[in-house]
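Chain by chain, the residues run as shown.
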Amino acid sequence: MEETKYYNFENTMKWLNFAYFLRDEYPFNRKDLENIRTGWGMIIIPKKGIEETIEAKLAGNDEMPLKEIVMLYQIPFTYNESLGVISKNVDLTFRYDKTYKYGEINKNIAQCCYFIQKYGKRMNDFYILDSEFVFDFMSYYVINNQWGLGNENVSTFVLENLSCLKGDNNE
């Protein structure tokens, strides 16, 4: 069996094909790209169906509540005095009858759900994977599996300070 390659942030950015998709977006269309700093980001995954899929697998059911896992990978960045977020839709599919078209399946949906449940931070209706779990999940559960890349969006914001909160029980 081939050893799974661990992907780092730079490899993940290349896999997401941001050089192509962001080439016309501000501030990535500037010549001073060295002034753009990013964080590793986070993956936001809807909670609905994650636990039920794990329970179905443990019970020996062949029918899984989820057929795919959809997620939003968000990467924060700063450019000079502005702040922004790159958002990218990513999905995992498990179409065993279409591996010739969509690629190999190296982890089943229950294994992916278990990783999300074990390492994700639960937030009401979502799980959030951040820190090193972003790259573990991307490396071992997404990039070497049946994935699809969706739309991307760049949002930029003006920075504000929170001095308006002074005096509201924060003194």
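Shown above is the structure to which this text applies.
Residues numbered from 1 in each chain as written. Predicted model: local features only at pLDDT ≥ 70, side-chain atom pairs only at ≥ 80, totals over all residues. Heavy atoms only, no water.

Colleague: How do you make sense of the packing of aromatic side chains when you look at a structure like this?
Modeller: Any aromatic ring pair is given by two values, namely how distant the centres are and how the planes are angled relative to each other. The final tally for this structure, using the stated rule, is 11 aromatic pairs. Between Phe9 and Phe135, the aromatic rings sit 6.2 Å apart at their centres with planes inclined by 75°, giving edge-to-face as the arrangement. Residue Phe9 is located in helix α1 (residues 9-15), and its partner Phe135 is located in helix α6 (residues 133-143); the two are separated by 126 residues in the primary sequence. Accessibility assignment for this pair places Phe9 and Phe135 in one class, buried. Seen from their ring centres, Phe137 and Tyr141 are 5.9 Å apart, and the 15° between their planes marks the pair as stacked. A residue pair is termed a helical-turn pair when its members lie 3 or 4 positions apart in one helix, as Phe137 and Tyr141 do in helix α6 at 4 residues. For Phe137, a relative accessible area of 0% corresponds to the buried category. Each residue in the set Phe115, Tyr119, Phe133, Phe137 and Tyr141 is aromatic and connected to the rest through ring pairs, giving one cluster. The positively charged end of Lys88 is found above the aromatic ring belonging to Phe21, 4.2 Å away from the centroid. The residue whose ring lies beneath Lys107 is Tyr141, and the NZ or CZ to ring-centre distance is 5.5 Å. (Phe/Tyr/Trp six-rings, centres within 6.5 Å; stacked < 30°, edge-to-face > 60°. Helix = DSSP H or I, 4+ residues; strand = E, 2+ residues; numbered from the N terminus. Buried < 20%, exposed > 50% of the residue type's maximum accessible area, 1.4 Å probe, protein only. Lys NZ or Arg CZ within 6 Å of the ring centre and 35° of its normal.)

Colleague: Quick question: what am I supposed to make of the packing of helix α5 (residues 109-119) against α6 here?
Modeller: Each pair of packed helices gets described by two things: the angle between the helix axes and the distance between those axes. As a packed pair, α5 and α6 sit with axes 11 Å apart at the nearest point and diverge in direction by 175°. As the angle between them shows, α5 and α6 are arranged roughly antiparallel. Every residue of α6 that contacts α5 at Gln111, Cys112, Phe115, Ile116 and Tyr119 is listed here: Phe133, Asp136, Phe137 and Tyr141. (Axes fitted to C-alpha atoms, helices over the stretch in contact; angles between N-to-C directions. Parallel < 35°, antiparallel > 145°, perpendicular 65-115°, else oblique. Contact = heavy atoms within 4.5 Å.)

Colleague: When you look at a nonpolar patch on the surface in this model, what are you seeing that I'm missing?
Modeller: The grouping of Leu83, Phe157 and Leu159 at the surface amounts to a nonpolar patch, some 260 Å² of accessible area in total. Among the structural elements, Leu83 can be located in strand β4 (residues 82-93). (Patch = residues over 30% accessible without salt bridge, like charges linked within 9 Å, V, L, I, M, F, W, Y side chains within 5 Å. Areas by Shrake-Rupley, 256 points an atom, 1.4 Å probe, with all protein chains shown as cover. Salt bridge = Lys/Arg side-chain N within 4 Å of Asp/Glu carboxyl O.)

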